[in-house]
Amino acid sequence: MNEVFEELRAAIFTVWHRRWLALAVAWGVCVLGWLVVAMVPNSYESQARIYVQLDDVLADQLKIAGGTEREITRIRQTLTSSVNLEKVIRSTKLGDDIQTQRDLESAIEGLTKKVSIKSEEDNLFELKAEIGVGDLSDSENAALAQTVVQKLIDIFREENLAGNRGDVAETLVFLDQQLEDRKRELEAAEQRRLAFETENPDLIGGTGTLSGRIQSMRSEVRGVEADLAAAQSALAAINGQLSGTPRNLAGSAGGGARAALSNAQGQLATMQAGGKTDSHPDVVAIRKQIAILRDQARDENPNATGATNPAYTSLVSIKAERQANVEALSARKASLQAELSSLVGSQASEPAVAAEANRISRDYEVLKDKYDELLQDREEMKLRGQVENERSSFKFDVIDPPTTPRAPSAPNRPLLLIGVLLAGIAAGVGAAFAIGQLRSTFATSAKLERALDLPVLGAISLTMTDTARQIRAKRMKYFYAGSAALGGLCVLLLAAEFLQRGMVA
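All of these numbers come straight from a predicted model, not from anything done at the bench. (Residues numbered from 1 in each chain as written. Predicted model: local features only at pLDDT ≥ 70, side-chain atom pairs only at ≥ 80, totals over all residues. Heavy atoms only, no water.)

Asker: Help me understand the overall build of the protein chain in this model?
Answerer: Summing up its helical and strand segments, the protein chain has 16 helices and six strands in all. Sorting the 505 residues of the protein chain into buried and exposed places 30% on the buried side. Across the protein chain, contacts joining residues at least 24 apart in sequence account for 83% of those joining residues at least 6 apart. (Helix = DSSP H or I, 4+ residues; strand = E, 2+ residues; numbered from the N terminus. Buried < 20%, exposed > 50% of the residue type's maximum accessible area, 1.4 Å probe, protein only. Contact = heavy atoms within 4.5 Å.)

Right, here's the structure in full:
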């Protein structure tokens, strides 16, 4: 630890012994640094906040998609584009010294770094512009920063308020052209389809439609078969009822045996329909009765008849209706089976023609769907254009107008001035210490003893006369005055900086 303190004492002595060198170097570095700081122009920042509302109640009610998020993204990307910045440069003092295209590109590149746009929320934007031109005064730079922000706002308003309607009109023209092209293609596809359907009526709609028709026809055949079975069952039932119903009713004028015979035969038919066998006692008894009545009816006068049975007449009418229904269903079934056989034969015998039908149908459907989609888009865009003409859905408000900067945003000149002062002092101390290290001198006897590795017997102290002390004291006053002057100059520069800031209009 003692060695560390010894080295520190030696370093302080070395610097103090060459204090005039340190002061001279400090003055030189500070003056040079302060000149460099003074040459750096002040930059002034102006900022503004704008609010963009892209949604509209009428557009929402009409279900018109305005692309709000896409519009906001476009605003953020295009507001500081090269085209817009070129307009700003040419309309402000930034373009006074522009002579060539290279100068313009350099100015645009520099302005791109100085202008920024930040989205605070979804549709709230903050514009900033930091301007510092060396050829202009502080007040002119401050006014120029405000002008740049205002120009950006004006360009934004012009391009979006007037540009939206132009975009809608251009889109409508493009959609109309596309619709005309699609219409011609659709008409050509429709003619090809009609010509093919005329030559191949069985393959109308392609193989998909043919397969669907076959499946549908098979389902229809199954339905007709079920209806036919039900109709035949109903016909059989009415025949059973008709066989058990007498044609004539028994009357007093005669014909009683025949009427009784018919009644007995009806009862026999009813028993057989009920499932009774021929050996059943009731069946045996009724058969005997029928045999007796048949002999009596044979001996009875054939001209003696009773009244017509109305139930029998009604059953005959129902039988005729159900018979006609069975015949119609049978004919329908035969027709469907013939048509089904024809379609199956066409599908199996002409695969190439079926593939062509499928291709023609598919192309036609694709073109038709595309045409309908474009037509819907055109109508939606047309309605949107009408909404834009009547009342624009784009609302633009300047919440905070461009500010007029009162103080420079960069550089931080007071901090730089103090930093140069500290750097000058450090440079002076470093120079004095470096010169001391280059010369073969020893600040303490202990250092000399370590360097020579020999014992040091003693050291002679500096003895000064009164005149030498007076000269030394005067030089110290000069040194202190020079050091104070360096610090005072720094204070004066700081005061001038703050005074200059207060004078910016």
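Asker: Looking at this model, I keep getting lost on the pattern of salt bridges. Mind explaining?
Answerer: This model, assessed by the stated rule, comprises ten salt bridges. Arg49 serves as the salt-bridge partner of Asp400, at 2.8 Å between the closest nitrogen and oxygen. Linking Asp400 in strand β6 (residues 395–400) with Arg49 in strand β1 (residues 44–53), this pair joins segments that are 351 residues apart in sequence. Classification of Asp400 as partly exposed rests on a relative accessible area of 31%. (Salt bridge = Lys/Arg side-chain N within 4 Å of Asp/Glu carboxyl O.)

Asker: I'm lost on a negative patch on the surface in this one. Help?
Answerer: A cluster of like negative charges, contributed by Glu365, Asp369, Glu373, Asp377 and Glu380, occupies part of the molecular surface. Along the chain, Asp377 turns up in helix α13 (residues 351–390). The exposure class assigned to Asp377 is partly exposed, which follows from its relative accessible area of 32%. (Patch = residues over 30% accessible without salt bridge, like charges linked within 9 Å, V, L, I, M, F, W, Y side chains within 5 Å. Areas by Shrake-Rupley, 256 points an atom, 1.4 Å probe, with all protein chains shown as cover. Lys, Arg positive; Asp, Glu negative; His and termini not counted. Charge placed at Lys NZ, Arg CZ, Asp CG, Glu CD.)

Asker: Honestly, the state of the cysteines in this entry has me stumped. Any pointers?
Answerer: Working definition of a disulfide: a covalent bond connecting the sulfur atoms of two cysteines. This model, assessed by the stated rule, comprises zero disulfides. You can see Cys30 has no disulfide; the closest cysteine sulfur is in Cys490, sitting 7.5 Å from it. Among the residues examined, Cys30 registers a relative accessible area of 0% and is labelled buried. (Disulfide = S-S within 2.5 Å.)

Asker: Explain a nonpolar patch on the surface to me, please; I cannot follow it from the model alone.
Answerer: Together, Ile418, Leu422, Ile425 and Val429 give the surface a local cluster of nonpolar side chains, amounting to about 330 Å² of exposed area. Within the element layout of this structure, Ile425 appears in helix α14 (residues 413–438). Its relative accessible area of 43% is what places Ile425 among the partly exposed residues.

Asker: How should I be thinking about α14 in this particular structure?
Answerer: It helps to recall that an α-helix has 3.6 residues per turn; residues three or four apart then point in one direction. Its 26 residues place the ends of α14 37 Å apart at the C-alpha level, agreeing with the 38 Å of an ideal helix rising 1.5 Å per residue. Of the residues making up α14, those classed as buried are Arg413, Pro414, Leu417, Val420, Leu421, Gly424, Gly428, Ala432 and Gly436. (Expected span 1.5 Å × (residues − 1).)

Asker: Whenever I open this one, the environment of Val36 confuses me. Can you help?
Answerer: Its location among the elements puts Val36 in helix α2 (residues 19–39). Spatially, the C-alpha atom of Val36 lies 9.9 Å from that of Val420, the residues being 384 residues apart in sequence.

Asker: Looking at this structure, how should I read the packing of α2 against α14?
Answerer: Pairs of packed helices are described in terms of their axes, by the angle between the two and the distance that separates them. Following both chains from N to C, one finds α2 and α14 inclined at 150°, their axes separated by 7 Å at the closest point. What the angle tells us is that α2 and α14 run roughly antiparallel. Remark: the crossing between α2 and α14 carries right-handed chirality. Here the residues of the contact of α2 with α14 are counted per class, giving 20 nonpolar, three polar and one charged. (Axes fitted to C-alpha atoms, helices over the stretch in contact; angles between N-to-C directions. Parallel < 35°, antiparallel > 145°, perpendicular 65-115°, else oblique. Left-handed = near helix turned anticlockwise from the far one by under 90°. Nonpolar A, V, L, I, M, F, W, Y, C, P; charged D, E, K, R; others polar.)

Asker: In this structure, what is going on with helix α6 (residues 101–114)? I would like to understand it.
Answerer: A rise of 1.5 Å per residue sets the reference length of α6, with its 14 residues, at 20 Å; its end C-alpha atoms lie 20 Å apart and thus fit the reference within 8%. Here α6 has its buried residues at Leu104, Ile108 and Leu111. Axial view of α6: buried residues confined to an arc of 70°, hence all on one face. Looking at α6, the residues exposed on the side facing more than 90 degrees away from the buried face are Arg102 and Lys113. (Arc of directions from axis to C-beta.)

Asker: Looking at this model, I keep getting lost on the environment of Arg19. Mind explaining?
Answerer: With respect to the secondary-structure elements, Arg19 resides in helix α2. Linking Arg19 and Gly428, residues 409 residues apart in sequence, is a C-alpha distance of 8.3 Å. Among residues more than four places away in sequence, those in contact with Arg19 are Met476 and Phe479.

Asker: I keep staring at the side chain of Ser46 and nothing clicks. Help me out?
Answerer: Along the polypeptide, Ser46 turns up in strand β1. In this structure Ser46 comes out as buried when scored by relative accessible area, which is 0%. Looking at Ser46, its side chain comes within polar contact range of the main-chain oxygen of Thr403, at 2.5 Å. Apart from the residues within four sequence positions on either side, Ser46 is in contact with Leu127, Lys128, Ala129, Ala145, Gln146, Val149, Pro402, Thr403 and Pro405. (Polar contact = N/O pair within 3.5 Å; in protein donor to acceptor, adjacent residues only side chain to side chain.)

Asker: Is there a simple way to explain the packing of helix α5 (residues 82–90) against α6 in this structure?
Answerer: It is the contact of α5 with α6, at a shortest axis distance of 10 Å, that shows an interaxial angle of 105°. Our classification of the angle between α5 and α6 gives roughly perpendicular. Note on element contacts: α6 touches α5 through Leu104, Ala107, Ile108, Leu111 and Thr112, opposite Ser82, Leu85, Glu86, Val88, Ile89 and Arg90. In the contact of α5 with α6, the residues fall into seven nonpolar, two polar and two charged.

Asker: Even after reading the chapter, I still don't get the packing of aromatic side chains, so can you show me in this structure?
Answerer: Across all of its chains, the model carries three aromatic pairs by this definition. Centre to centre, the rings of Trp20 and Phe479 are 5.7 Å apart; their planes meet at 80°, and the pair counts as edge-to-face. Here Trp20, found in helix α2, pairs with Phe479, found in helix α16 (residues 466–502); they are 459 residues apart in sequence, far enough to count as distant. One aromatic cluster in this structure is built from Trp16, Trp20, Phe479 and Tyr480. Geometry around Trp16 places Arg19 over its ring, the cationic atom sitting 4.5 Å from the centre. (Phe/Tyr/Trp six-rings, centres within 6.5 Å; stacked < 30°, edge-to-face > 60°. Lys NZ or Arg CZ within 6 Å of the ring centre and 35° of its normal.)

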